[in-house]
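Descriptive structure summary
One-letter residues, chain by chain:
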Amino acid sequence: MPVTQPGPSTAEGGRSGGRKRRVLGTLAVLFGVLPLLAAGGVTFTAVKNHQIQTGNDAFIPAAWHNLRTDEIFPDLLREPSASGRPDSGGQPAPGWVRQTIAEESDCRTALTAGLAEAATAHGCTTVLRATYVDAGGEAAATVALCVLGSHDDVLAVERSGFSVVADHPGAVVIPVPAAKTAAAGWRASRGYGGGAMSPTLFGPYLAAITVGPTDPDRRYGDLPGQWKSSGRTETRVYRSLAIDLLYAFSHSFDEAVNGR
């Protein structure tokens, strides 16, 4: 006679069925909720990023007013490629040292006639300036941050013949001398290199510069006798310095603006 194995009791069958239903229910909830959580995470990240971008977009036009002057014009400017690069003596590459920061001024007071006219026609309202000298104290530069109407206005001025990479002779920013420093005799007639460029991808800013020698007595570019043909080369070096230093300033200002 076959032996019949006892089956589970009604109570045990009920508990087993209940566990299965609970497991299935939990899985259903998880599979339903996880996509919602993932979607919510994506939405939160998007909103957060939008808020950061919106905040930065709102800060950029007011950066010239909200940043400290030493954030706009740091005490030392170096070419971006030279930052942290040692010289032949194992020391950091020399830069340009700030000598003075001028009072905020209007565009016609701070810029030479040609750039002042072009910048004013494109909404220029304010100019901030600072003067630097190189490590040897032989060259001076006055850097300007001009606040125009919009970024499009900035590009228009830059393209109108004032680009720093153009072969632009002479001063475009009125130099600011610094008493009792190597830049004490710094003036526009010594400005052999100059130009302007946009220091940021966005924002109403035009960076401009004038560079020249600090020696007020020596006649540059007017060499005697057999060296006369080298006179042009002697002044062109300041145009190269203008390009390098204006790029250094633009890099520094862009970091200050976008780091907030």
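Residues numbered from 1 in each chain as written. Predicted model: local features only at pLDDT ≥ 70, side-chain atom pairs only at ≥ 80, totals over all residues. Heavy atoms only, no water.

1. Here's the deal with the nonpolar core
Across soluble globular proteins, nonpolar side chains have a tendency to be buried as a group. The biggest cluster of nonpolar side chains holds 33 residues, and the ones touching the most others in it are Phe73, Leu145 and Phe249. The set of elements that each furnish at least two residues to this core consists of α2 (63-66), β3 (126-134), β4 (139-147), β6 (205-213) and α7 (231-258). Considering every element that reaches this core, the biggest residue donor is α7, with 9 residues. The contacts of Phe73, once residues within four sequence positions are left out, are Arg98, Ile101, Leu128, Arg129, Ala130, Tyr132, Val143, Leu145 and Phe249. (Core = buried A, V, L, I, M, F, W, Y, C linked by side-chain atoms within 4.5 Å. Buried < 20%, exposed > 50% of the residue type's maximum accessible area, 1.4 Å probe, protein only. Helix = DSSP H or I, 4+ residues; strand = E, 2+ residues; numbered from the N terminus. Contact = heavy atoms within 4.5 Å.)

2. Thoughts on the confidence of the model for the protein chain
Segments scoring low in pLDDT should not have their predicted coordinates read at a detailed level. Put simply, the protein chain has an average pLDDT of 78, and 65% of its residues get 70 or more. Predicted confidence is poor over residues 1-15, with pLDDT under 50, and the contacts of this stretch with residues over four places away or in other chains come to 0 contacts. (pLDDT = per-residue confidence, 0-100.)

3. Here's the deal with the pattern of salt bridges
In the structure shown here, the tally under the stated rule is 2 salt bridges. Residue Arg68 is joined to Asp70 by a salt bridge in which the shortest nitrogen-to-oxygen separation is 3.0 Å. Across the pair Arg68 and Glu71 runs a salt bridge whose closest N-O atoms are separated by 3.7 Å. Look at the salt bridges and you will find they share partners, linking Arg68, Asp70 and Glu71 into a network. (Salt bridge = Lys/Arg side-chain N within 4 Å of Asp/Glu carboxyl O.)

4. Things to note about the sheet that holds β4
One open sheet holds the 6 strands; their spatial order is β1-β2-β3-β4-β6-β5, and the pairing between them is antiparallel. Each edge of the open sheet is held by one strand with a lone partner, namely β1 (76-77) and β5 (193-197). Note that β5 and β6 share 5 bridges and pair antiparallel. Bridging across to β6, Gly195 finds its partner in Ile209. Where helix α6 (residues 151-162) meets the sheet, its contacts fall on β5 and β6, and the angle it forms with β5 comes to roughly 145 degrees. (Pairing = 2+ DSSP bridges. Axes fitted to C-alpha atoms, helices over the stretch in contact; angles between N-to-C directions.)

5. Overview of the state of the cysteines
Working definition: the covalent bond between the sulfur atoms of two cysteines is a disulfide. Counted by the stated rule, this structure contains 1 disulfide. Free of any disulfide, Cys146 has its nearest cysteine sulfur in Cys124, 5.2 Å distant. The exposure class assigned to Cys146 is buried, which follows from its relative accessible area of 0%. (Disulfide = S-S within 2.5 Å.)

6. Points about helix α5 (residues 113-121)
Listing the buried residues of α5 in full gives Leu115, Ala116, Ala118 and Ala119. Against α4 (107-110), α6 and β6 lie the buried residues of α5. Following α5 by one or two positions, Gly123 has its phi on the positive side, about 85 degrees.

7. Some points on the pairing of strand β2 (residues 96-101)
Both β1 and β2 contribute to a ladder of 2 bridges, which runs antiparallel. Looking across to β2, one finds that Leu76 is bridged to Val97.

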